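# Summary of structural features
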Amino acid sequence: MKKESLWLDLEKEQDIETLKQDIEVDVLIIGGGITGLTTLYYLKDSHFNVCLVDQDLIGHGVSGKTTGKITYLQETVYYDISKKYSVSVAKQYFQSQKKAIEAITNIIEKERISCDLENVTSYVFTNTNEEISKVKMERKILKSFGAVIEEHHKPIGKFQNLYAISASDTYVFHPVKYLRALKRICKLEGKKVYERTRILGLLKEKNGYVAKTKDAHIRAKKVVLACHYPFFLLPYFLPLKANIEKSYVTASLSKFKPISMITASKPTQSIRYHKAEEEYAIYLSNSSNLCNQLSDEENFNEVIDGAHKLSLQPCYIWKNDDLMTVDSMPYIGEIEKNNPNLLMGTGYNTWGMTNGTLAGILLSDMILERENEFIPLCSPKRVLRLKHIGSLVGNVASSAKGYIQNKISKNKKWYPKAVHFQKLNGKNVAIYDDGEERHIVYNKCPHMGCSLIFNEVEKTWDCPCHASRFDIDGNCIKGPSCYSITYRK
Ligand SMILES: Cc1cc2nc3c(=O)[nH]c(=O)nc-3n(C[C@H](O)[C@H](O)[C@H](O)COP(=O)(O)OP(=O)(O)OC[C@H]3O[C@@H](n4cnc5c(N)ncnc54)[C@H](O)[C@@H]3O)c2cc1C
């Protein structure tokens, strides 16, 4: 069984350029996931001198580990937004998702991108009587927006379900093939893409910003933070306004029905069909807040058990996480009052194929000073209502829980026998002994000082507060931290 994302294993990266010298650009995009590359794509014909940088390779962030569904049927999001705001806000969100789906399919068609795009029916289903009325409400709301939503009272595919709704104008694709094609197209148009180029800090200057990498400085008039968790934004209090949800995913060779399904609410189970050279069933479960009590190993075992119950034999397993906002809608746009030069796109609530694309459209429109009806809807400056306060408090509590439980308990299940702690040259370190070599790291996340958990399955050090990840030797492989934890004498 391979311990990596199916998408990254099937698609190897080529044509990698790293930034070695100082440059000046009009627009700097930090992050080469779906947000950054879609923004770059929509700016490719502009007169702006634009460059995109990624700390890793294109698609190695969250976008390369998704289930790759392109759908507006997203659990019971319209019911939730109607409750939190109003039906008319839910309708705008629906229209924004439809717009994004149209944008992705148009780009794929226009650019003739080969990324296994397939039109499949999406289902949202429930197994509990209590939830049926909520899913029925979701259908009613969607129908009032003009969507064609069928209902089903019999089991569909491999899941037992009491009630389900479905939409047929939805898709699945191979996210990494799509992103790498966007990179190639933008490079052909003369836009610069630098990989393995990490931004370590961002400073405001008189005429814009200066971003610092290990080897160079990038001066930019405008900056787009498309780095999933914009760690540069302490004043924006993102940890209060969003929490991180992790999920465990498997891919199995299977002649599975060409559909895509997800449960109406927690605990989430999701499955989709994928056809390339081979046919796969991609199954996801064990979604939870970062600091749930199970270790990664236990979560991986549970997702594998879940796959077995559906008669699937996983050949890939991986873990991924996304940013969940307090009001179920993304944060896209200006962060500070009267500052159109610092923009961000994040908080996609596990629906980033559409929302990341929407971000690309909105952020490029803002840069090109074009109006767009969805800018106010997604604005990070929108006023959160009293109804969201509970979630704000929950976010603080869960980060604090991750911080405290790990700091105090050093719970054994998060640290296998091969890991032990000691003081080296006066510094607290964690040592992982793989039988041949000792890998020594500082066991503290450079982002906000949380103690790290060892992920025995993928052999990574993971932060239980804000989801930074480090490889076995302490190299940072995922933010918000941008520093490594490698022990240096
Ligand atoms: C398990 C799971 C399944 C999902 N399935 C779906 C799905 O089926 N459909 C759907 O619509 N959505 C899905 N999502 C959500 C979706 O995958 C995400 O919302 C989306 O990919 C986020 O895209 P992004 O561009 O914001 O982030 P990323 O793809 O993470 O891109 C950010 C990039 O920034 C780079 N970066 C970070 N820090 C720096 C730095 N300091 N310097 C330079 N570069 C930096 C990273 O390397 C990364 O490549 C899923 C999410 C999860 C967790």
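The preceding data block contains the structure.
Described in the following lines is the structure provided in the data block.

Quick notes on the rules
Residue positions are counted from 1 within each chain, in the order its sequence is given. Reporting in this predicted model follows two pLDDT cut-offs: at least 70 for local features of residues, and 80 or more for side-chain atom pairs to be given and counted; totals over whole chains, interfaces and linings ignore these cut-offs and use all residues. Heavy atoms from the whole structure form the basis of all side-chain values; hydrogens and water molecules are not counted. To be near a molecule or strand, a residue needs just one of its heavy atoms within 4 Å of it. What qualifies as a polar contact is a pair of N or O atoms within 3.5 Å, subject to a donor-acceptor requirement within protein and to the restriction that residues adjacent in sequence count only when both atoms come from side chains. In short, Shrake-Rupley with a 1.4 Å probe defines the accessible areas, and a residue's cover is counted only from the protein chains shown. In DSSP terms, a helix is any run of H or I states spanning at least four residues, a strand is any run of E spanning at least two, and both are numbered starting from the N terminus. Classes in brief: Ala, Val, Leu, Ile, Met, Phe, Trp, Tyr, Cys and Pro nonpolar; Asp, Glu, Lys and Arg charged; the others, Gly included, polar. Put simply, a patch holds well-exposed residues, over 30% relative accessible area, that have no salt bridge, with like charges counted together within 9 Å and Val, Leu, Ile, Met, Phe, Trp or Tyr side chains within 5 Å. A pairing counts as a salt bridge when a side-chain nitrogen of Lys or Arg comes within 4 Å of a carboxyl oxygen of Asp or Glu. In this count, Lys and Arg are taken as positive residues and Asp and Glu as negative ones, while His and the chain termini are left out. Think of each charge as sitting on NZ of Lys, CZ of Arg, CG of Asp or CD of Glu. The rule is short: rings of Phe, Tyr and Trp, with Trp giving its six-membered ring, pair when the centres are within 6.5 Å, and they are stacked under 30 degrees, edge-to-face over 60, tilted in between. Note on classification: 1.4 Å probe, protein chains only; a residue is buried when its accessible area is under 20% of the maximum for its type, exposed when over 50%, partly exposed between these limits. Note on disulfides: each one is a pair of cysteine sulfur atoms within 2.5 Å. If DSSP finds at least two bridges between two strands, the strands pair. Only C-alpha atoms enter the line fits that serve as axes; for helices the fit covers just the stretch in contact. Angles between N-to-C directions range over 0 to 180 degrees. Contacts: residue pairs with any heavy atoms within 4.5 Å of one another. Every helix has an expected span of 1.5 Å times one less than the residues it contains. By definition in this entry, angles of less than 35 degrees are roughly parallel, angles greater than 145 are roughly antiparallel, angles of 65 to 115 are roughly perpendicular, and the rest are oblique.

## Regarding the site of the ligand
Near the ligand you find 35 residues, and of these Asp 54, Ser 63, Thr 66, Thr 67 and Met 353 are the closest. Contact distances for the ligand include 2.6 Å between an oxygen atom and a side-chain N or O atom of Thr 67. Backbone polar atom of Gly 352 to a nitrogen atom of the ligand: 2.9 Å apart, as the coordinates give it. Here the ligand has 1,000 Å² of accessible area as a free molecule, and 97% of this is covered by the chains. At the level of elements, α2 (34-43), β13 (242-253), β17 (314-325) and α9 (352-367) are the ones that each hand at least two residues to the shell around the ligand. Looking at the shell around the ligand residue by residue, the class counts come to 13 nonpolar, 17 polar and 5 charged.

## Re a negative patch on the surface
Side chains of Asp 433, Asp 434, Glu 436, Glu 437 and Asp 473 sit close together on the surface and give a patch of like negative charge. Mapping Asp 473 onto the fold places it in the loop between β25 (469-470) and β26 (476-478).

## Describing the packing of aromatic side chains
A ring pair, where both rings are aromatic, is described by two values, the distance of the centres and the angle of the planes. A full pass over the atoms with the stated rule returns 12 aromatic pairs. Here the aromatic rings of Phe 173 and Tyr 178 are separated by 5.3 Å at their centres, their planes lie at 50°, and the arrangement is tilted. Across the pair, exposure class does not vary: Phe 173 and Tyr 178 are buried alike. Both rings, one in Tyr 432 and one in Phe 454, keep their centres 4.6 Å apart while their planes meet at 25°; by these two values the pair is stacked. Highlighted residues: Tyr 432 in strand β21 (residues 427-433) and Phe 454 in strand β23 (residues 453-455), separated in sequence by 22 residues.

## Considerations on the environment of Arg 488
Here Arg 488 is to be found in the segment after β26. Between the alpha carbons of Arg 488 and Glu 13 there is a distance of 31 Å; along the sequence they are 475 residues apart.

## A look at the state of the cysteines
In this structure the tally under the stated criterion is 1 disulfide. Left without a disulfide partner, Cys 115 is nearest to the cysteine sulfur of Cys 186, which lies 14 Å away. Classification of Cys 115 as buried rests on a relative accessible area of 1%. Unpaired in this structure, Cys 463 has its nearest cysteine sulfur neighbour in Cys 445, at a distance of 4.2 Å. For Cys 463, a relative accessible area of 3% gives the class buried.

## Points about the sheet that holds strand β22 (residues 438-441)
Whether parallel or antiparallel, the strands of a sheet pair through hydrogen bonds between backbone atoms. Within the open sheet, the 3 strands sit side by side as β20-β21-β22. Their pairing is antiparallel. The sheet is open, and its two edges are formed by β20 (419-424) and β22, each paired on a single side. Along the sheet, successive strands turn relative to each other by an average axial angle of 30°, direction set aside. Bridge count between β21 and β22: 4 bridges; the pairing is antiparallel. The partner of Ile 431 across the bridge, within β22, is Ile 440.

## A few points about the sheet that holds strand β4 (residues 118-119)
Across the sheet, 3 strands lie side by side as β3-β8-β4; this open sheet has antiparallel pairing. Each edge of the sheet is formed by a strand with only one pairing partner; in this case those strands are β3 (69-70) and β4. Examined bridge by bridge, β3 and strand β8 (residues 171-172) share 2 bridges and lie antiparallel to one another. Within β8, the residue paired with Ile 70 across the bridge is Tyr 171.

## A closer look at helix α3 (residues 77-84)
All buried positions along α3 are accounted for by Val 77, Tyr 78, Tyr 79, Ile 81 and Ser 82. Summarising the contacts, the buried residues of α3 are in contact with α4 (87-110) and α5 (129-144).

## Remarks on the environment of Ser 254
Summarising the element assignment, Ser 254 is placed in the loop between β13 and β14 (259-263). Taking relative accessible area as the criterion, Ser 254 reaches 12% and is therefore assigned buried. Between the C-alpha atom of Ser 254 and that of Lys 444, which follows or precedes it by 190 residues, the distance is 41 Å. Not counting residues within four places of it along the chain, the set of residues in contact with Ser 254 comprises Lys 158, Glu 279, Tyr 280, Ala 281 and Leu 312.

## Examining α4
An ideal rise of 1.5 Å per residue puts 34 Å on 24 residues; α4 measures up with 34 Å between its terminal C-alpha atoms. Directly after α4, the chain includes Arg 112, whose backbone phi takes a positive value near 50°.

## Here's the deal with the packing of α3 against α5
Packing of α3 against α5 brings their axes to within 8 Å, and their N-to-C directions diverge by 85°. By the criterion of interaxial angle, the relationship of α3 to α5 is roughly perpendicular. Taken together, the residues of α5 that come into contact with α3 (itself represented by Val 77, Tyr 78, Tyr 79, Asp 80 and Ser 82) are Lys 134, Met 137, Glu 138, Ile 141 and Leu 142. Of the residues in the contact of α3 with α5, the class split is 6 nonpolar, 1 polar and 3 charged.

So far we have only geometry, and geometry alone does not tell us how the molecule works.
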